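Overview (structure and organization)
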Amino acid sequence: MTGRAGSTKTSQARRSDATRTAILDAARERFAADGYERATIRAIARDARIDPSMVMRYYGSKEGLFAAAVALDLRLPDLTQAPREEVGRTLVAHFLDLWEGNEELTAVLRVGATNPAGAERMQGIFRDQLLPLAEQVCPDPDQAPARAALCAAQLLGLALTRYVLRLPAARELPREELLAWLGPTVQRYLTAPNP
């Protein structure tokens, strides 16, 4: 009897994994085609050939599904290849390039601010992508997490005001002015001696 119960659980786990995979595949395609705002749970469920209630069962909400479906590679630059005095400006320029016209990043920021699954996804991006970058140039490796967090606060604050809230003053700042203001700040966070 134990063998049959174990086999049933294994079979259910496989079906559950297959359903999750089908949902995530459909969600990625739908978010890419329609964008976050226009993609619907019903359309994603239809594409996955399941009932919409299954999407909600596994992911809780559209925000939770989006956070699980979207894999973000920030393609961060190798700061060891940039002149030491230019790492802040290089990183800010890279983020401006990423954010310009990238609806997916804007949606991830919105979801990350309002949904636990989205916040967890943003934390993973921070841990896996931004933290190693800070470790490349930080004068004290023990301070890399704090310095990376300060960079994230600066860059995400810019993204929030410029691309999500679309504050006119933030939207109107020319790229060169943004680089002139934020480059030295991010530079200090990454490379300055401990205050």
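A quick note: this is a predicted structure, and the numbers were derived from the prediction, not measured.

Criteria and cut-off values
- Residues numbered from 1 in each chain as written.
- Predicted model: local features only at pLDDT ≥ 70, side-chain atom pairs only at ≥ 80, totals over all residues.
- Heavy atoms only, no water.
- Core = buried A, V, L, I, M, F, W, Y, C linked by side-chain atoms within 4.5 Å.
- Buried < 20%, exposed > 50% of the residue type's maximum accessible area, 1.4 Å probe, protein only.
- Helix = DSSP H or I, 4+ residues; strand = E, 2+ residues; numbered from the N terminus.
- Contact = heavy atoms within 4.5 Å.
- Expected span 1.5 Å × (residues − 1).
- Phe/Tyr/Trp six-rings, centres within 6.5 Å; stacked < 30°, edge-to-face > 60°.
- Lys NZ or Arg CZ within 6 Å of the ring centre and 35° of its normal.
- Patch = residues over 30% accessible without salt bridge, like charges linked within 9 Å, V, L, I, M, F, W, Y side chains within 5 Å.
- Areas by Shrake-Rupley, 256 points an atom, 1.4 Å probe, with all protein chains shown as cover.
- Salt bridge = Lys/Arg side-chain N within 4 Å of Asp/Glu carboxyl O.
- Disulfide = S-S within 2.5 Å.

Here we look at the nonpolar core
Judged by nonpolar contacts, the single largest core of 59 residues is most densely connected at Phe 31, Leu 65, Phe 66, Leu 91, Trp 99 and Leu 190. Element by element, the count of residues in this core is highest for helix H8 (residues 144-164), at nine residues. Not counting chain neighbours up to four residues away, the residues in contact with Leu 65 comprise Ile 23, Leu 24, Ala 27, Phe 31, Ile 41, Ile 44, Val 55 and Tyr 59.

Some remarks on helix H5 (residues 87-99)
With 13 residues, H5 ought to run about 18 Å at 1.5 Å a step, and its terminal C-alpha atoms sit 18 Å apart, in line with that. The buried fraction of H5 is high, at 10 of 13 residues. Of all the positions in H5, only Val 87, Gly 88, Leu 91, Val 92, Ala 93, His 94, Phe 95, Leu 96, Leu 98 and Trp 99 are classed as buried. Against the buried residues of H5 lie helix H6 (103-114), helix H7 (116-137), H8 and helix H10 (175-191).

Looking at the packing of aromatic side chains
Within this structure, the stated rule accounts for three aromatic pairs. Both rings, one in Phe 31 and one in Phe 66, keep their centres 4.8 Å apart while their planes meet at 90°; by these two values the pair is edge-to-face. Of the two residues, Phe 31 is situated in helix H1 (residues 2-38) and Phe 66 in helix H4 (residues 62-69); the sequence distance between them amounts to 35 residues. Residues Phe 31 and Phe 66 agree in their burial class; the two are buried. Taken together, a centroid distance of 6.5 Å and an interplanar angle of 50° make the contact between Tyr 58 and Tyr 59 tilted. With relative accessibility at 15%, the residue Tyr 59 sits in the buried group. One residue, Arg 20, lies across the ring of Tyr 59, its end atom 5.9 Å from the ring centre.

A short note on a nonpolar patch on the surface
A grouping of Leu 160, Leu 165 and Leu 167 is seen on the molecular surface, where their side chains present a nonpolar patch of about 250 Å² in accessible area. By the element assignment, Leu 160 lies in helix H8.

With respect to the state of the cysteines
With the rule as written, the count across this model stands at zero disulfides. Here Cys 138 is not cross-linked by a disulfide; its sulfur's nearest cysteine counterpart is in Cys 151, at 9.4 Å. On the basis of relative accessibility, which here comes to 10%, the residue Cys 138 falls in the buried class.

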